[in-house]
Amino acid sequence: MKVSDRTHGVEYAIRDIIAYARKYQASGKEIIYLNIGDPVRFDFKTPDHIKRALVDAVMHEENYYTDSEGLPELRQAIMEKESEKGFNVRVEDIIVTNGVSEGLDMTMASIVDPGAEILMPGPYYPPYASYAKFYGGKPVEFKLHEDGRPNIEDLQSKITPRSRALCIISPNNPTGEVFDQKSLQQLIDIATEHDLYVICDEIYDKIVFDSHFTGIGKVAKDAPVILLNGFSKSYLMTGWRCGYICLNSSSTKLEGLREDIPKLARVRIAANLPVQIAAVQALRGSQAHISTMVEKLIRRRDYVVKRLNAMGIQCKVPRGAFYIFPQINTKGRWKDDQHFVIDLLNNTGVLTVHGSGFGSTYGSGHFRIVYLPPEEMLEKAMDKLERFVNTKL
Ligand SMILES: Cc1ncc(COP(=O)(O)O)c(C=O)c1O
């Protein structure tokens, strides 16, 4: 039977690699999962007040379809959160989605035509390229400087009449880089000059370590910015699937999206109501778990950086999120970074993700480690990696 051509370009290395892990596990051996960025799988648990709000909502019969754009109380709380970060957004410009993933899908569906080019910093979080391709567009990677700032000359050289949007993911997955205010301003200026949409993903806005986080709202002015954010990471609600889209209310260039994104929201009926009620509590209730989480992550990041450096594996110190993206010299030992990751898995049970899954141009020759696990597990993983590297390199 014929299947659609458009699904061919869809890839998600982070989960695609699990097929290899299943094979390994079938032989009865233990796997250390350092591939998926889900804190709730480790010792970061959904705060009790958020869980209670979900249970109460279900028990109080809040189990029906709600407004397609989202629960009014939640849209109000989101408006307050994003306004505090400097983004000008009215409640009418907020759409609640089943995770940032659905928000990204709706955004790409609304702006990508066949042939449209979507600029993204390399390496990038894979769904940005997958959704762009799914809708017939072409992902175009631009370079970052060694220190993580966007390379503006490289970006400018890649802008063509087909360029439609510029993506910003800060803090970034897979590198943990955080763009400073000057870089964000430069990106906004370029987008304004070339009439590009700016899709900005701030899902890790609260998971920032030594540097200060600047939201896109601080520099957006009236640029056509589509801000994506959600509850999975900072509020430890990964399995519940809740996120949102905010359209810059100061922009007059987003009128088309103001019409079209709500249409997509209506056709899928609504996001999960009890989860939205809990999300109101997440934003309005205690935020204490966030600083505890960040402190733990700094310790784990520092431990992994120290161990990698001691092994002679080059890596940049991540400044946010919970990923590290070390370089691996595959020459003469492995065909490429994917072969390295599979060989590491088969020899040690340590599951990471190949860098080329985050973009072939700038991701190749790297692998991504999730440093969410407790120190004992990280120590075990690093010991195994060290032994593996010493025997192979
Ligand atoms: C940059 C980025 N955006 C979005 C997501 C997915 O978010 P959600 O769980 O809200 O769909 C992730 C998950 O790893 C991510 O790293």
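Here the structure is shown first, and the text comes after it.
Caption draft 1: Examining the overall build of the protein chain more closely. What the protein chain contains, in helices and strands, is 15 helices and 12 strands. What you see for the protein chain is a C-alpha radius of gyration of 21 Å, in line with the 21 Å of a compact globule of 393 residues. Judged by the C-alpha coordinates and their principal axes, the protein chain covers about 60 × 55 × 55 Å. Within the protein chain, the proportion of its 393 residues that are buried is 58%. Considering the protein chain, the positive charge centre built from 49 side chains and the negative charge centre built from 50 side chains are found 5 Å apart.

Caption draft 2: Highlighting the pairing of strand E6 (residues 197-201). Among the five residues that make up E6, five are buried, leaving the element largely enclosed by the rest of the structure. Burial along E6 is two-sided: the face carrying Tyr197, Ile199 and Asp201 and the face carrying Val198 and Cys200 are both buried. Across five bridges, the pairing between strand E5 (residues 163-169) and E6 is parallel. Residue pairing for E6: Ala165 is matched across the bridge by Tyr197. As a crossover connection, the stretch from E5 through helix H8 (residues 181-193) into E6 is right-handed. Taken together, the four bridges between E6 and strand E7 (residues 225-230) define a ladder with parallel strand orientation. Among the inter-strand pairings, Cys200 is bridged to a residue of E7, identified as Leu227.

Caption draft 3: Structural detail: unusual backbone geometry. The omega torsion of the bond from Gly122 to Pro123 falls at -5 degrees, within 30 degrees of zero and hence cis. Examined against the element boundaries, Pro123 turns out to sit in the loop between strand E3 (117-121) and helix H6 (127-134). In the segment running from Asn173 into Pro174, the intervening peptide bond is cis, with an omega of 25 degrees. Positionally, Pro174 belongs in the loop between E5 and H8. Despite not being glycine, Lys221 shows a phi value in the positive range, around 45 degrees. Mapped onto the elements of the fold, Lys221 is located in the loop between helix H9 (217-220) and E7. The backbone of Ile269 sits at a positive phi, close to 70 degrees, despite the residue not being glycine. Secondary-structure assignment places Ile269 in the loop between helix H10 (255-267) and helix H11 (273-284).

Caption draft 4: Structural detail: H6. Those residues of H6 not exposed but buried are Pro127, Tyr128, Ala129, Ser130 and Ala132. Looking at the buried residues of H6, the elements they touch are helix H5 (99-111), E3, strand E4 (138-142), E5, E6 and E7. Immediately beyond the C-terminal end of H6, within one or two residues, lies Gly136, with a positive phi of roughly 90 degrees.

Caption draft 5: Fine view of the nonpolar core. Of all hydrophobic cores here, the largest spans 131 residues; its most connected members are Leu74, Tyr128, Ile216, Phe231 and Leu385. The leading source of residues in this core is helix H12 (residues 288-311), at nine residues. Two domains each put at least three residues into this core: domain 1 (5-45 + 288-392) and domain 2 (48-284). Discounting residues that sit within four places of it in the chain, Leu385 has contacts with Leu308, Met311, Ile313, Phe340, Leu344, Phe367 and Ile369.

Caption draft 6: Geometry of a nonpolar patch on the surface. Taken together, the side chains of Val55, Val58 and Met59 present a nonpolar region at the surface, about 280 Å² in accessible area. With respect to the helices, strands and loops of the structure, Val55 is situated in helix H3 (residues 48-59).

Caption draft 7: Spotlight on the site of the ligand. Near the ligand you find 13 residues, and of these Val100, Ser101, Asp201, Tyr204 and Ser232 are the closest. A distance of 2.7 Å separates a nitrogen atom of the ligand from a polar atom in the side chain of Asp201. Contacts to the ligand include Arg241, whose side-chain N or O atom sits 2.7 Å from an oxygen atom. At three residues, the largest contribution of residues to the shell around the ligand is made by H5.

How each quantity is defined
- Residues numbered from 1 in each chain as written.
- Predicted model: local features only at pLDDT ≥ 70, side-chain atom pairs only at ≥ 80, totals over all residues.
- Heavy atoms only, no water.
- Helix = DSSP H or I, 4+ residues; strand = E, 2+ residues; numbered from the N terminus.
- Rg over C-alpha atoms; globule rule 2.2 N^0.38 Å.
- Buried < 20%, exposed > 50% of the residue type's maximum accessible area, 1.4 Å probe, protein only.
- Lys, Arg positive; Asp, Glu negative; His and termini not counted.
- Charge placed at Lys NZ, Arg CZ, Asp CG, Glu CD.
- Pairing = 2+ DSSP bridges.
- Right-handed = clockwise from strand over helix to strand, strands pointing away.
- Contact = heavy atoms within 4.5 Å.
- Core = buried A, V, L, I, M, F, W, Y, C linked by side-chain atoms within 4.5 Å.
- Domains from an automatic or database assignment.
- Patch = residues over 30% accessible without salt bridge, like charges linked within 9 Å, V, L, I, M, F, W, Y side chains within 5 Å.
- Areas by Shrake-Rupley, 256 points an atom, 1.4 Å probe, with all protein chains shown as cover.
- Salt bridge = Lys/Arg side-chain N within 4 Å of Asp/Glu carboxyl O.
- Near = heavy atom within 4 Å.
- Polar contact = N/O pair within 3.5 Å; in protein donor to acceptor, adjacent residues only side chain to side chain.

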